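Each chain, written out:
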Amino acid sequence: MSYQVLARKWRPRNFTEMEGQAHVLRALINALERDQLHHAYLFSGTRGVGKTTIARIFAKSLNCEANGVTANPCGECDACREIDEGRFVDLIEVDAASRTKVDETRELLDNVQYMPTKGRYKVYLIDEVHMFSNHSFNALLKTLEEPPPHVKFLLATTDPQKLPVTIRSRCLQFNLKRISAERIAAYLQKLLQKEQIETEGDGLSAIARAAEGSMRDALSLLDQAIAYGAGVVREAEVATMLGTIEQRQLLEIVEALSRQDGVKVLQQVALLAQQAADFSAVLVELIGQLHLMALLQQVPEVAADRGVDAEWVALAEQISAEDLQLFYQIALIGRKDLPLAVDPRSGLEMVLLRMLAFRPAVTSVTPSRPASAEPRSSYSGTQPQPQPQSQPAAPPERLPDTDSAPAASAITLSEERWEETIQLLGLKGLEKQLIQNSIFVEHKGALISLQIPQKSETILKPKCQERVEKALSDYLGEAIRLSISVSAAAQLDTPAQRAEQRVEQARGAAEQAVQQDPDFQSLLATFDGSVVEGSIQPTTDGSS
């Protein structure tokens, strides 16, 4: 027996075998079970998501000899088997791309009035219906306006906007969605188990991403991967086949970026060149992985939901949120500019070098900051410029050197210096938001008590509190226990609130200075202009 490609061999034969599109299947199943059948259905969606497959299953449901009109066709009767084999006389499949002439359409529709030869309904399945000419649409419209009761029209298209609104308004419209990469990968895994084909590494995920939501494309790529690997699907070979990059190589690139190791970055690009990788696809993979790392930073639970490797989780914790967002933005812009580069390799190299060149510069820190804490950074304009070194903050209050004082830490916290203290903790993301929206209550022994307003309660999560507790422990040089309570007060004088007030005061001063400027008032009078509310903003140096 000749080999049958996976897309045909494992094509769903009934609604229960369909992967995804639950919103469409539910509507069709309910219509069949309640005998509320429309005369025309329009299925739209990108390639390979199941438009014609659903249409053929629906045709079986209408003409099943054993079960009648049903959502569960038997698959064994003559009608079901002939539809599966593509030889059922009352299922007329039409490729609109090859029938663009109006005479061909009219000839096709002239037979609509005749009763089915064998089945219960005569079903017209018109694929890529948007390819019809205007005259062909007019001929079809006449039939859709007054269809015989024994005829059903199933229209499929990848571009529904090209259909005349008069056609669309006479159909029940179903938009089929792209299938998620996770769902495609899980389906491919089940299929390979049935085929008893071995897999190594994470090659199926790469195939699922390359399919871009199309199950048929995924099955075709899987066929190719099986042939390429001589019956085994290996991650390295899939990456070579697709021109993409292995997860290990991608991890090496991101690690080198985080360490600002330009030599290692270029070595990895040279290695990709030896493997004849598609540099555009590599950049797409990098963008996707940076996005996943940003999710891991803000919502760590994503790792378990998406099966993320532990090495990626650890790397996401090492890179600051600011650096990650900068890398992501540069990669997005670089993807757009890649076709303009001298060649794809130099384009990718420049994108990666840009990530190193524009990374925020590390500034010096005050002597009271512990060596183990993360360095602070600042970013200015389009080039990394070291910010002017600020005057060291006043040293934190220290406990009196008496025999009765605790011997653990020489630093204590206070309400007056709380805002200065939190600047030295080096916190990022949600932890930074939490600490900035807190007020200091008490530091007694190994217990530190804070309060937050009710509006900030949503960011008070156990892991977030643990990271704040660790940062305070590192700063104080001793293990502490952190207690955060929610205040019932309408507002608290938190560092975040003070910062917002300072911005408002600066904005008000800027607006006042501009409004009192005689040159500005002269311009307004000359051009009959007005000031857009909120358009005057103070600059970082305090001017307007």
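This structure is a prediction, so every number in the text was calculated from the model and none was measured.

## Looking at the state of the cysteines
Among covalent bonds in proteins, the disulfide is the one between the sulfur atoms of two cysteines. Enumeration over the complete set of coordinates arrives at zero disulfides. Here Cys74 is not cross-linked by a disulfide; its sulfur's nearest cysteine counterpart is in Cys77, at 3.6 Å. Free cysteine: Cys77, not disulfide-bonded; nearest cysteine sulfur from Cys80 at 3.5 Å.

## Quick word on the packing of aromatic side chains
Taken as a whole and assessed by the stated rule, the structure comprises six aromatic pairs. Between Tyr41 and Phe174, the aromatic rings sit 6.3 Å apart at their centres with planes inclined by 15 degrees, giving stacked as the arrangement. Residue Tyr41 is located in strand S1 (residues 40–44), and its partner Phe174 is located in strand S5 (residues 172–175); the two are separated by 133 residues in the primary sequence. Per residue, the accessibility class of Tyr41 equals that of Phe174, and both read buried. Measuring from ring centre to ring centre gives 5.3 Å for Tyr124 and Phe153, while their planes differ by 20 degrees; the resulting arrangement is stacked. Taken together, the residues Tyr124 in strand S3 (residues 122–127) and Phe153 in strand S4 (residues 151–157) connect sequence positions 29 residues apart. The residues Tyr124 and Phe153 share a single accessibility class, namely buried. Put simply, the rings of Tyr41, Phe43, Phe58 and Phe174 pair up and form one aromatic cluster.

## Topic: the sheet that holds strand S11 (residues 447–452)
Taking strand neighbours across the sheet as the criterion, the three strands line up as S10-S11-S12 in an open arrangement whose pairing is mixed. Since the sheet does not close on itself, it has two edges, and those belong to strand S10 (439–444) and strand S12 (481–486), each with one partner. In this sheet, adjacent strand axes meet at a mean angle of 20 degrees when their direction is disregarded. Pairing analysis gives five bridges linking S10 to S11, with the strands arranged antiparallel. Bridged to Lys444 within S11 is Leu447.

## Things to note about the confidence of the model for the protein
Confidence along the protein averages 82 in pLDDT terms, with 87% of residues attaining 70 or more. Confidence over residues 362–409 falls short of pLDDT 50; this stretch has 66 contacts with residues more than four positions distant or in other chains. Across residues 540–544, where pLDDT falls below 50, the model places six contacts with residues more than four positions away in sequence or in other chains.

## A short note on empty space enclosed by the protein
All chains considered together, the criterion is met by three cavities of 30 Å³ or more. Approximately 40 Å³ is the volume attributed to the second largest cavity. Counting residues per element, the ones that place at least two in the lining of the second largest cavity are helix H9 (203–211) and helix H11 (235–242). Counted by class, the lining of the second largest cavity contains three nonpolar, one polar and four charged residues.

## Section: a nonpolar patch on the surface
The grouping of Leu266, Met350 and Leu353 at the surface amounts to a nonpolar patch, some 230 Å² of accessible area in total. Structurally, Leu353 is set in helix H18 (residues 344–357).

## Looking at helix H16 (residues 310–318)
Those residues of H16 that sit buried are Trp312, Leu315 and Ala316. Down the axis of H16, the smallest arc covering the buried residues is 105 degrees, so these residues share one side. In this structure, H16 carries Ala310, Glu317 and Gln318 as exposed residues pointing more than 90 degrees from its buried face. Packing partners of the buried residues in H16 comprise helix H12 (247–258) and helix H14 (279–298).

## Notes on the nonpolar core
Judged by nonpolar contacts, the single largest core of 39 residues is most densely connected at Met293, Leu352 and Met355. Put simply, the parts of the chain that give this core at least two residues each are H12, helix H13 (262–274), H14, helix H15 (302–306), H16, helix H17 (321–337) and H18. The dominant element in this core, judged by the number of residues it contributes, is H14, at ten residues. Excluding residues within four positions of it along the chain, Met293 makes contact with Val254, Trp312, Leu315, Ala316, Ile319 and Leu324. Counting residues in each nonpolar core, the second largest holds 30 residues, with Met18, Ala71, Phe88 and Leu125 among its members.

Reading the values: the criteria
Residues numbered from 1 in each chain as written. Predicted model: local features only at pLDDT ≥ 70, side-chain atom pairs only at ≥ 80, totals over all residues. Heavy atoms only, no water. Disulfide = S-S within 2.5 Å. Phe/Tyr/Trp six-rings, centres within 6.5 Å; stacked < 30°, edge-to-face > 60°. Helix = DSSP H or I, 4+ residues; strand = E, 2+ residues; numbered from the N terminus. Buried < 20%, exposed > 50% of the residue type's maximum accessible area, 1.4 Å probe, protein only. Pairing = 2+ DSSP bridges. Axes fitted to C-alpha atoms, helices over the stretch in contact; angles between N-to-C directions. pLDDT = per-residue confidence, 0-100. Contact = heavy atoms within 4.5 Å. 1 Å grid on protein atoms, 1.4 Å probe; cavity = no way out; pocket = protein on both sides within 12 Å on 5 of 7 lines; lining within 4 Å. Points joined across faces, edges and corners; volume = space filled by probe spheres on them. Nonpolar A, V, L, I, M, F, W, Y, C, P; charged D, E, K, R; others polar. Patch = residues over 30% accessible without salt bridge, like charges linked within 9 Å, V, L, I, M, F, W, Y side chains within 5 Å. Areas by Shrake-Rupley, 256 points an atom, 1.4 Å probe, with all protein chains shown as cover. Salt bridge = Lys/Arg side-chain N within 4 Å of Asp/Glu carboxyl O. Arc of directions from axis to C-beta. Core = buried A, V, L, I, M, F, W, Y, C linked by side-chain atoms within 4.5 Å.

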